[in-house]
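One letter stands for each residue in the lines below.
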Amino acid sequence: MTDRIEKVSAFVVEIPRETPYLGPLREGETINRRGYVVRRGNRTLYPTADRSVVLRIDTEQGLTGWGETYGIVAPEAVRAIVDDVLAPVLEGREPSAPAVIHEDLYDLMRVRGFFGGFYLDSLAAVDIALWDLLGKRLGVPVSTLLGGRRHETIPAYVSGLPRATLDERVAFAREWQGRGFRGFKFAAVVADDGAEAEIAALREGLGPQAEIMADLHWRHTAPEAIRLIRRLEKHNLSFAEAPCAPEDIEGIAQVARAVGVPVALGEELRTVFEWQPRLAARAFGIGQPEMGRTGITEFARIGALLHANHLAVMPHATIGVGLFHAASLQASSTLQRLPWHEYQHSIFEPNLRLTQPTGTRHMGCAAGFYSLPDGPGLGVEPSEEMLRLLT
Ligand code: MG
């Protein structure tokens, strides 16, 4: 059956949330007129509502593929790229070669220096939708298209403890421990008493068996990070995430050589070309690709690259409506060295209602493990509620 892409549409989805991402606002943090707040701890801009960009591809034969990328800041930038650059190129094209199409779309802008940023985010959404479409057309999940599913369940670590005080954060982590979770990551950027006090309290509250990770949010110079991580190691830290600025490859490599725990990084990297210099510098021990930034084609290639270098993959999870998360579970399920997948409880659980399974089983996360959907394509598609939110 030959088919052609008829229409490519991007939608911005906004979902209000009670507590802002990274927890309640700190002293001196205010919401600006566009609804953003600058977190003082890492000087980074965050929205106060959950936002995402959903992408829909319709074919002449009546098939629909769904993709998604980041919409947390300037989602209209992605929509403009899709409408002006990508959709007209895609319309009329045979859709069943997602990796080939991804390379062609990358080529459109590479000599202008668009190796990342909003352009690659837009490509990620298109790529996910094309793999979804291909899976649906062949009646198999994306994991089958990628070479086969190795895991039906994936260990999930609890990411972020969005409570105002350290006591409350320890109690919150213990609640999750009571539900069967055994990995916990705290955000040093909102650890008001310092990262060492944070891990000491968590270790005492969670006991010796718990795995505790620290997200250092790119804020340290290499010497600062080395000193800090060495202190955290005494409390049996599992890994140190994003210790230095993302551009400081040599600094991060220096940290990786100097400390006794693996450095984790990569949520901000979109292509194998961005991973390669970090790999060459041996700057990390754990790669954290983010499906909403990479799309499925690059995610799989990054997974293969890390596999070839004997490095672990612990995929990142972020604010989204569930479509790129499902894609991440599909692609992750094919990876051999997959100790964890991040679990953003404050996003995944409330937003589950926005998707529905394409087969008989929905994705889920309980007792410390993700479970995968069994249907074709991504295994999930927008629910009626999400369709109403697409604007
Ligand atoms: Mg992070």
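Residues numbered from 1 in each chain as written. Predicted model: local features only at pLDDT ≥ 70, side-chain atom pairs only at ≥ 80, totals over all residues. Heavy atoms only, no water.

Q: Explain the side chain of R270 to me, and be specific about the residues and the numbers.
A: The residue R270 is located in the loop between β10 (263-265) and α9 (272-280) in this model. At a separation of 3.5 Å, a polar atom in the side chain of R270 contacts the main-chain carbonyl oxygen of E268. Residues in contact with R270, not counting those within four places in the same chain, are G116, G117, L120, D121, R293, T294, E298 and I302. (Helix = DSSP H or I, 4+ residues; strand = E, 2+ residues; numbered from the N terminus. Polar contact = N/O pair within 3.5 Å; in protein donor to acceptor, adjacent residues only side chain to side chain. Contact = heavy atoms within 4.5 Å.)

Q: An account of the coordination of the magnesium ion is needed here, citing residue identities and associated values.
A: The protein atoms donating to the magnesium ion are D215 (OD), E241 (OE) and E267 (OE), with metal-donor distances spanning 2.1 to 2.3 Å. Sequence spacing of the donors to the magnesium ion: D-x25-E-x25-E. Placement of the pair is E241 in strand β9 (residues 237-241) and E267 in the loop between β10 and α9, with a sequence separation of 26 residues. For the pair shown, E241 and E267 are each scored as buried. (Donors = N, O, S within 2.8 Å, 3.2 Å for Na, K, Ca; no water. Buried < 20%, exposed > 50% of the residue type's maximum accessible area, 1.4 Å probe, protein only.)

Q: Please give an account of the pattern of salt bridges that cites residues and values.
A: As enumerated under the stated definition, the model contains 25 salt bridges in all. With a shortest N-O distance of 2.8 Å, R110 and D107 are connected by a salt bridge. A salt bridge links R301 to E298; the nearest nitrogen and oxygen atoms lie 3.9 Å apart. A residue pair is termed a helical-turn pair when its members lie 3 or 4 positions apart in one helix, as R301 and E298 do in helix α10 (residues 291-308) at 3 residues. Accessibility expressed as a relative area gives 3% for E298, which makes it buried. One salt-bridge network, held together by shared partners, links R26, R169, D192 and E198. (Salt bridge = Lys/Arg side-chain N within 4 Å of Asp/Glu carboxyl O.)

Q: I'd like a description of helix α3 (residues 117-138), backed by residues and values.
A: End to end, α3 covers 32 Å across 22 residues, agreeing with the expected 32 Å (1.5 Å per residue, within 8%). Looking one or two places after α3, you find G139, whose phi comes out positive at around 75 degrees. (Expected span 1.5 Å × (residues − 1).)

Q: Requested: an account of the domain arrangement of the protein chain, with residues and values cited.
A: If you check the domain split of the protein chain, you get domain 1 (5-141) and domain 2 (144-381). Using only C-alpha atoms to locate each centre, domain 1 and domain 2 end up separated by 21 Å. At the junction of the two partners, domain 1 supplies 44 residues and domain 2 supplies 51 residues. In total, about 3800 Å² of surface goes out of reach between domain 1 and domain 2, with carbon and sulfur atoms giving 62% of it. (Domains from an automatic or database assignment. Buried area = accessible area lost by both parts, 1.4 Å probe.)

Q: Describe the sheet that holds strand β4 (residues 49-59), listing the residues and the values that go with them.
A: Strand order in the open sheet made by the 3 strands is β1-β4-β5, with antiparallel pairing throughout. A single partner strand is all that each edge strand has here, and the edge strands are β1 (5-16) and β5 (64-70). Strand-to-strand twist in this sheet, taken as the mean axis angle between neighbours without regard to direction, amounts to 25 degrees. On the sheet, helix α11 (residues 323-332) packs against β4 and β5 and is oriented at approximately 100 degrees with respect to β5. (Pairing = 2+ DSSP bridges. Axes fitted to C-alpha atoms, helices over the stretch in contact; angles between N-to-C directions.)

Q: Which residues make up unusual backbone geometry, and what values do they have?
A: Phi is positive for R43, close to 55 degrees, though the residue is something other than glycine. Here R43 shows up in the loop between β2 (36-39) and β3 (44-47). Judged by relative accessible area, which is 68%, R43 ranks as exposed. Backbone geometry places A367, a non-glycine residue, at a positive phi of 50 degrees. Relative to the helices and strands, A367 resides in the loop between β15 (364-366) and β16 (369-371).

Q: So what's going on with the packing of helix α5 (residues 166-178) against helix α6 (residues 195-206)? Which residues, and what values?
A: Taken N-terminus to C-terminus, the directions of α5 and α6 make an angle of 40 degrees; their axes are 9 Å apart at the nearest point. It follows that α5 is oblique to α6 by the angle criterion. The two elements α5 and α6 meet at a crossing, and its hand is right-handed. From α5, L166, R169, V170, A173, R174 and Q177 reach across to α6, where they touch A197, E198, A201, L202, G205 and L206. Grouping the constituent residues of the contact of α5 with α6 by class yields 7 nonpolar, 2 polar and 3 charged. (Parallel < 35°, antiparallel > 145°, perpendicular 65-115°, else oblique. Left-handed = near helix turned anticlockwise from the far one by under 90°. Nonpolar A, V, L, I, M, F, W, Y, C, P; charged D, E, K, R; others polar.)

Q: So, the nonpolar core: which residues are in play, and what are the values?
A: The nonpolar side chains of soluble globular proteins are, as a tendency, buried together. Core analysis: the biggest nonpolar cluster contains 90 residues, and F186, I229, V255, F284 and Y343 have the highest contact counts within it. Taken domain by domain, the makeup of this core includes at least three residues from each of domain 1 (5-141) and domain 2 (144-381). Apart from residues lying up to four places away in sequence, Y343 is in contact with A156, Y157, V158, S159, W176, F181, F348, E349, C365 and Y370. Counting 24 residues, the second largest nonpolar core, distinct from the first, contains M109, L120, L123 and L133. (Core = buried A, V, L, I, M, F, W, Y, C linked by side-chain atoms within 4.5 Å.)

Q: Break down helix α1 (residues 75-90) for me, with residues and values.
A: Its maximal kink placed at V82, α1 deviates by approximately 40 degrees. Of the residues making up α1, those classed as buried are P75, V78, R79, I81, V82, L86, A87 and L90. In this structure, the buried side of α1 is in contact with β1, β2, β4, β5, α2 (98-107) and α3. Trailing α1 by a residue or two, G92 shows a phi angle of about 90 degrees, which is positive. (Bend = angle between axes of the 7 residues up to and from the residue.)

Q: Can you lay out the pairing of strand β8 (residues 211-215) for me, pointing to particular residues and giving the numbers?
A: The buried count for β8 comes to 4 of 5 residues, which makes it a mostly enclosed element. Pairing analysis gives 5 bridges linking strand β7 (residues 183-187) to β8, with the strands arranged parallel. Bridge pairing in β8 places F184 opposite I212. Relative to β9, β8 runs parallel, the two sharing 3 bridges. Pairing of D215 across the sheet is with E241, part of β9. Handedness of the crossover joining β8 and β9 through helix α7 (residues 222-233): right-handed. (Right-handed = clockwise from strand over helix to strand, strands pointing away.)

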